[in-house]
Amino acid sequence: MKALAFLISLSLLVVTHELGHLCFAKLFHTRVRRFYVFFNWKFSLFKAKKFDGKWHFLFFNSQTPESWDEKNLKPEDQDNTLWGIGWIPLGGYCDIAGMIDETKSAEDLESTPQPWEYRTKPRWQRLFILSGGVLTNFISALLIFTAIFSHWGTDELPLRNAKMGYEYHQILLDEGFQNGDIIYTIDGEEQTDYEATLKKLVIGMPQEVTVMRGDSLVTLHPSKEMLARINAEQPKTLMDVRFPFVIKDFTAGSAGKRYGLLTGDSLVSVCGTATPTAMDFMTTLPQIASDTAVIGFYRSGEYHELSIPLSSDKKIGAYARNVLEIYEVKHVDYTFWEAIPAGISHGWSKMVEYVSSLKILFTKNGAQSLGGFISMGSLFPNTWDWLRFWNLTAMLALVLAFMNIIPIPGLDGGHIVITLWEMITGKAVNEKVLNVIQYIGLGLLLLLLVVANGNDLFRLFSGMF
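We now turn to the structure provided with this report. What you see is a predicted model, and the numbers here were worked out from it, not measured in a lab.

Along the protein chain, the regular secondary structure elements total twelve helices and 17 strands. Burial analysis of the protein chain (465 residues in total) assigns 43% to the buried set.

The next thing to look at is helix α2 (residues 123–152). With 30 residues, α2 should cover 44 Å at 1.5 Å per step; its first-to-last C-alpha distance of 43 Å lies within 8% of that length. Where α2 bends most, at Ser131, the angle is about 45°. Note on α2: the residue one or two positions beyond its end, Gly153, has a positive phi of about 70°.

Under the criterion given, the structure shown has 16 salt bridges. The partner of Arg242 in a salt bridge is Glu167, with the nearest N and O atoms 2.7 Å apart. Pair noted here: Arg242 is in the loop between β10 (239–241) and β11 (245–250) and Glu167 is in strand β5 (residues 166–168), with a separation of 75 residues, a long-range link. Notably, a salt bridge pairs Arg229 with Asp174, separated by 2.8 Å at the nearest N-O pair. Of this pair, Arg229 sits in helix α5 (residues 225–233) while Asp174 is found in the loop between α3 (170–173) and β6 (182–186), placing the two residues 55 residues apart along the sequence.

By size, the foremost hydrophobic cluster in this structure holds 43 residues, and its most contacted members are Phe177, Ile183, Met239, Leu267 and Ile316. Aside from chain neighbours lying at most four places away, what touches Met239 is Leu159, Tyr166, Glu167, Tyr168, Ile183, Tyr194, Leu198 and Leu201. Judged by nonpolar contacts, the second largest core, of 32 residues, contains Leu10, Val14, Ala141 and Phe389.

Moving on, we come to a nonpolar patch on the surface. Together, Trp41, Leu45, Trp55, Phe57, Phe59, Phe60, Ile85 and Trp87 line one region of the surface with nonpolar side chains, adding up to about 920 Å² of accessible area. If you list the elements that add at least two residues to the nonpolar patch, you get β1 (32–51), β2 (54–61) and β3 (82–96). Examined against the element boundaries, Phe59 turns out to sit in strand β2.

Turning next to the sheet that holds strand β8 (residues 209–213). Adjacent strands of a sheet pair through backbone hydrogen bonds, lying either parallel or antiparallel. One open sheet accounts for four strands, arranged β7-β6-β8-β9; its pairing is antiparallel. Lying at the two open borders of the sheet, with one neighbouring strand each, are β7 (189–190) and β9 (216–220). By the bridge criterion, five bridges tie β8 to β9 in an arrangement that is antiparallel. Bridged to Val211 within β9 is Val218.

A word on the packing of aromatic side chains. Scanning all chains against the criterion turns up 23 aromatic pairs. Taking 5.1 Å as the distance between ring centres and 50° as the angle between the ring planes, the aromatic pair formed by Phe35 and Trp83 counts as tilted. With Phe35 in strand β1 and Trp83 in strand β3, this pair connects stretches of sequence that are 48 residues apart. Among the residues examined, Trp83 registers a relative accessible area of 29% and is labelled partly exposed. Consider the rings of Trp384 and Trp386, whose centres lie 5.1 Å apart with planes at 75°: the pair is edge-to-face. Three or more aromatic residues joined by ring pairs form one cluster here, namely Phe24, Phe28, Trp124 and Phe128. The ring of Tyr118 is capped by Arg126, whose NZ or CZ atom sits 5.7 Å from the centre of that ring. For the cation-ring pair, Arg160 lies above Tyr184, with the distance from its terminal atom to the ring centre recorded as 3.8 Å.

What follows concerns the side chain of Glu175. Along the chain, Glu175 falls in the loop between α3 and β6. Nearest to the buried, unbridged Glu175 among oppositely charged side chains is Arg229, at 5.5 Å. Here Glu175 is in contact with Pro222, Ser223 and Met226, once residues within four sequence places are set aside.

This next bit is on the packing of helix α1 (residues 2–27) against α2. It is at 7 Å that the axes of α1 and α2 come closest, and there the two elements cross at 140°. In terms of orientation, α1 and α2 fall into the oblique class. Considering the relative orientation of α1 and α2, their crossing is right-handed. Counting all contacts with α1, which are made through Leu13, Thr16, His17, Gly20, His21, Phe24 and Ala25, the residues of α2 involved are Phe128, Ile129, Leu130, Gly132, Gly133, Val134, Leu135, Thr136, Asn137 and Ser140. Here the contact of α1 with α2 is composed, by residue class, of eight nonpolar, nine polar and no charged.

Each value, and the rule that gives it
- Residues numbered from 1 in each chain as written.
- Predicted model: local features only at pLDDT ≥ 70, side-chain atom pairs only at ≥ 80, totals over all residues.
- Heavy atoms only, no water.
- Helix = DSSP H or I, 4+ residues; strand = E, 2+ residues; numbered from the N terminus.
- Buried < 20%, exposed > 50% of the residue type's maximum accessible area, 1.4 Å probe, protein only.
- Expected span 1.5 Å × (residues − 1).
- Bend = angle between axes of the 7 residues up to and from the residue.
- Salt bridge = Lys/Arg side-chain N within 4 Å of Asp/Glu carboxyl O.
- Core = buried A, V, L, I, M, F, W, Y, C linked by side-chain atoms within 4.5 Å.
- Contact = heavy atoms within 4.5 Å.
- Patch = residues over 30% accessible without salt bridge, like charges linked within 9 Å, V, L, I, M, F, W, Y side chains within 5 Å.
- Areas by Shrake-Rupley, 256 points an atom, 1.4 Å probe, with all protein chains shown as cover.
- Pairing = 2+ DSSP bridges.
- Phe/Tyr/Trp six-rings, centres within 6.5 Å; stacked < 30°, edge-to-face > 60°.
- Lys NZ or Arg CZ within 6 Å of the ring centre and 35° of its normal.
- Lys, Arg positive; Asp, Glu negative; His and termini not counted.
- Axes fitted to C-alpha atoms, helices over the stretch in contact; angles between N-to-C directions.
- Parallel < 35°, antiparallel > 145°, perpendicular 65-115°, else oblique.
- Left-handed = near helix turned anticlockwise from the far one by under 90°.
- Nonpolar A, V, L, I, M, F, W, Y, C, P; charged D, E, K, R; others polar.

Shown next, in the form of structure tokens:
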């Protein structure tokens, strides 16, 4: 079920991404020769093309008939696209005439540029054609989040329902807050909403804050310097919910699962060091010097310990339950019109959250944290869940949009940078140079695929033996 859900999600993402390129190409009267979901090296599962007034289909085909070639078609059919499904589920492509990309090199282009080719179009039109995939992925993510809010609503955590309290930024710790405090009132006004409370702390210039600390109410008086420090340091967040690490699921080849951990176990210590919160556990585990860690946990109210080997990136291969699955939440329903701004805001915050998380790639063990198709597929649940499916699909759409805008040769971002360079300088980049850049980009992408999926395979097999 995980594999099926991931395959369907990936197919939708590929289709929407490539349709973005196709729509802008068609808008500017640029010929699209082939549109493929998945790659068709040596073989296609399905092909379709319309000519002579009707649709023609081929199944399980290795070579397209010459009669389908645009040169052999009537003039009115030469602009028609060949639609296909490949057998390698690693992506897809939109073969735009006159464009050097993963489908062809400079040698494959017509000797004489044609008016219906990409290379003869104004640069501003080329920029839209290149950006189409990223735009449709980003917009589709926002639309999915909007539909989720409209259909399912959302669950919100009331401020006081986080029974373990909150982790505070150093700015607030310096003002007298302590980790585990729960804010009750600000300037005498009762606080129940997390976002509203943050706004009051940031822009409200509070004079008095009452917090629950243990079993007692404590009154704090923030200084005038607090707001100045917040404005100067621009922290990502001032307070995060504290919650225990309760196992929700395992990664492929998880050592934790193999050595006896179960979903529902609450992990509370690492090698004798108490880790009452998920953050404590995730920050303590990488500090273990040995390749094995003694994990303490509660199961059905009883304490147990297991010695578990760690992966190369100091993990046991377990996912924690979401904070909304641990504490009592409040369900909020949205009308269609209310869901639109809520979906857009949620999508944007998820994008910012994802981009911020990429800083881990620049750490000592950054490359080891990369995951490939097995890691992405393992995010999906073992049983079909429409809400989880659409949430993950929207999140992966954001990931795909951002990854494609990175200026790596071979990706949309690389082509966009080249086009912007041409717009600024007024000079076209030599086609042979574009060819070399394309090969460099493909090499980098293949290396990234090998590293990411190699990490997956290493985790999978290291957990099996």
